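# A look at the structure
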Amino acid sequence: MIKNLSRVIVIIVAFLFGVMITYFIINKFKTEDYSEQSHVIAYQIERMNKMVVAEQTYSDLYNHTSKKSLPGLASFYSADKKVTLLVKAKAQATYDLKKMDIKLDSVNKKIIIQSIPPVEITVYPDVSFFDMDQSTFNKFSKDDLNGIKKRAVEHVEKTIDKTSLKKEAHQQLIQNLGDLYFLAKTYGWTIEDKTTYASELKKIYD
């Protein structure tokens with residue numbers, strides 16, 4: 001009777017020990033799996049930490065002409081001066097994703113996107129003198145030329161299609177964020193998106 005009881009106790013202890021070992025092994029691999037997923041997702045986020053840039057280039061000739069004459073004698077003589085400037089400009093719409101506020105909750109397998117920086121438009125002008133003609137009595141001063149260059153740049157900036165530039169940058173941003181949505185779905189993670197892009201992204205990737 002005692003031998004039978006001892007055998008039962010040994011079997012029970014062995015069974016419980018086996019259950020504990022199995023639980024430990026499952027837990028270990030589960031943790032390692034979560035850890036591996038976190039590393040992959042963190043790496044993808046690190047790759048996203050760059051500038052999303054949409055770019056357009058513009059060029060135009062800007063002409064300036066002015067005349068100088070004595071009062072009442074303009075029909076007889078005037079000292080003219082004119083200058084033509086070649087204005088090139090590179091316009092960029094950018095999202096600096098290094099400033100993106102994003103967190104990983106590996107325990108609950110969740111990616112939390114807190115905020116994304118707004119789009120910024122920057123213009124890089126390059127002005128060169130294409131042609132200049134001036135008379136002895138009516139020459140360009142340094143201030144004249146600086147003022148003309150400023151107006152030439154302003155003229156080109158007005159021709160920039162900021163709407164299409166922002167739209168192009170927006171599409172690139174959605175594509176970059178979409179890679180993260182796709183990765184989260186692949187690993188069974190969820191995304192808690194608190195930005196204004198959430199509804200647009202969920203329509204595409206949910």
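For the structure itself, look to the data block above.
Here's what I pulled together on the structure shown here. (Residues numbered from 1 in each chain as written. Predicted model: local features only at pLDDT ≥ 70, side-chain atom pairs only at ≥ 80, totals over all residues. Heavy atoms only, no water.)

### Notes on the overall build of the protein chain
Counting its regular elements, the protein chain contains 4 helices and 6 strands. Shown N-terminal to C-terminal, the secondary structure of the protein chain runs as helices and strands in the order α-β-β-β-β-β-α-α-β-α. Looking at the protein chain residue by residue over its 206 residues, the buried ones come to 30%. Looking at the protein chain alone, contacts between residues at least 24 apart form 78% of all its contacts between residues at least 6 apart. Surface exposure of the protein chain reaches about 14,100 Å², of which carbon and sulfur atoms provide 57%. (Helix = DSSP H or I, 4+ residues; strand = E, 2+ residues; numbered from the N terminus. Buried < 20%, exposed > 50% of the residue type's maximum accessible area, 1.4 Å probe, protein only. Contact = heavy atoms within 4.5 Å. Areas by Shrake-Rupley, 256 points an atom, 1.4 Å probe, with all protein chains shown as cover.)

### Some words on the nonpolar core
In this structure, Y95, L97, I111, I113, I116 and L180 are the most contacted members of the largest nonpolar core, which totals 39 residues. Among the secondary structure elements, those contributing two or more residues to this core are α1 (2–48), β1 (51–68), β2 (79–96), β4 (110–115), α2 (142–158) and α3 (162–187). The element best represented in this core is α3, accounting for 9 residues. (Core = buried A, V, L, I, M, F, W, Y, C linked by side-chain atoms within 4.5 Å.)

### Thoughts on the packing of aromatic side chains
On inspection of all chains with the given rule, the structure shows 0 aromatic pairs. The lysine or arginine in question, K90, covers the ring of Y124, its NZ or CZ lying 5.9 Å from the ring centre. (Phe/Tyr/Trp six-rings, centres within 6.5 Å; stacked < 30°, edge-to-face > 60°. Lys NZ or Arg CZ within 6 Å of the ring centre and 35° of its normal.)

### Examining the side chain of T84
For T84, the location among the structural elements is in strand β2. Of the polar contacts made by the side chain of T84, one reaches the side chain of N63; its length is 2.7 Å. When near neighbours in sequence (up to four residues on either side) are disregarded, T84 contacts L61, Y62, N63, F129, F130 and D131. (Polar contact = N/O pair within 3.5 Å; in protein donor to acceptor, adjacent residues only side chain to side chain.)

### Considering the environment of D179
With respect to the helices and strands, D179 occurs in helix α3. Placed 135 residues apart in sequence, D179 and Q44 show a C-alpha to C-alpha distance of 8.4 Å.

### Some words on the sheet that holds β4
Strand order in this open sheet of 3 strands is β3-β4-β6, and the pairing throughout is mixed. Strand pairing shows two members of the sheet lacking a second neighbour, β3 (101–105) and β6 (190–193), which therefore form its edges. Each strand axis lies, on average, 15° off the axis of its neighbour in the sheet, ignoring direction. Bridge count for β4 against β6 is 4 bridges, and the pairing is parallel. Across the sheet, residue I113 finds its bridge partner in β6, namely D193. (Pairing = 2+ DSSP bridges. Axes fitted to C-alpha atoms, helices over the stretch in contact; angles between N-to-C directions.)

### Section: the pattern of salt bridges
Going through the model one piece at a time under the given rule, you end up with 3 salt bridges. Its salt-bridge partner being D101, residue K103 comes within 3.1 Å of it at the nearest N-O pair. Classification of K103 by relative accessible area gives partly exposed; the value is 40%. A residue is classified by how much of its surface remains accessible, and D101, at 29% relative accessible area, is partly exposed. With its nearest N and O atoms 3.6 Å apart, the salt bridge here joins K194 to E192. Owing to a relative accessible area of 48%, K194 belongs among the partly exposed residues under this scheme. The exposure class of E192 is partly exposed, given its relative accessible area of 29%. (Salt bridge = Lys/Arg side-chain N within 4 Å of Asp/Glu carboxyl O.)

### Remarks on the packing of α3 against helix α4 (residues 198–205)
Two numbers describe how α3 lies on α4: the axes approach to 10 Å, and their chain directions differ by 55°. Our classification of the angle between α3 and α4 gives oblique. Here α3 and α4 pass one another in a crossing that is right-handed. Each of H170, I174, Q175, L177, G178, Y181 and K185 in α3 lies in contact with α4, whose residues at this interface are A198, E200, L201, K202, I204 and Y205. (Parallel < 35°, antiparallel > 145°, perpendicular 65-115°, else oblique. Left-handed = near helix turned anticlockwise from the far one by under 90°.)

### Some thoughts on the pairing of β4
Alignment of β3 against β4, held across 5 bridges, turns out to be antiparallel. For K103, the partnering residue across the bridge sits in β4 and is I112.

### Considerations on the environment of L85
Inspection of the secondary structure assignment puts L85 in strand β2. Along the backbone, L85 and K149 are 64 residues apart, and their C-alpha atoms lie at a distance of 7.7 Å.

### A few points about the side chain of D96
Relative to the helices and strands, D96 is located in strand β2. D96 has contacts with K50, M51 and P117, leaving out every residue within four places of it along the chain.

In short, shape yes, function no, at least from these values alone.
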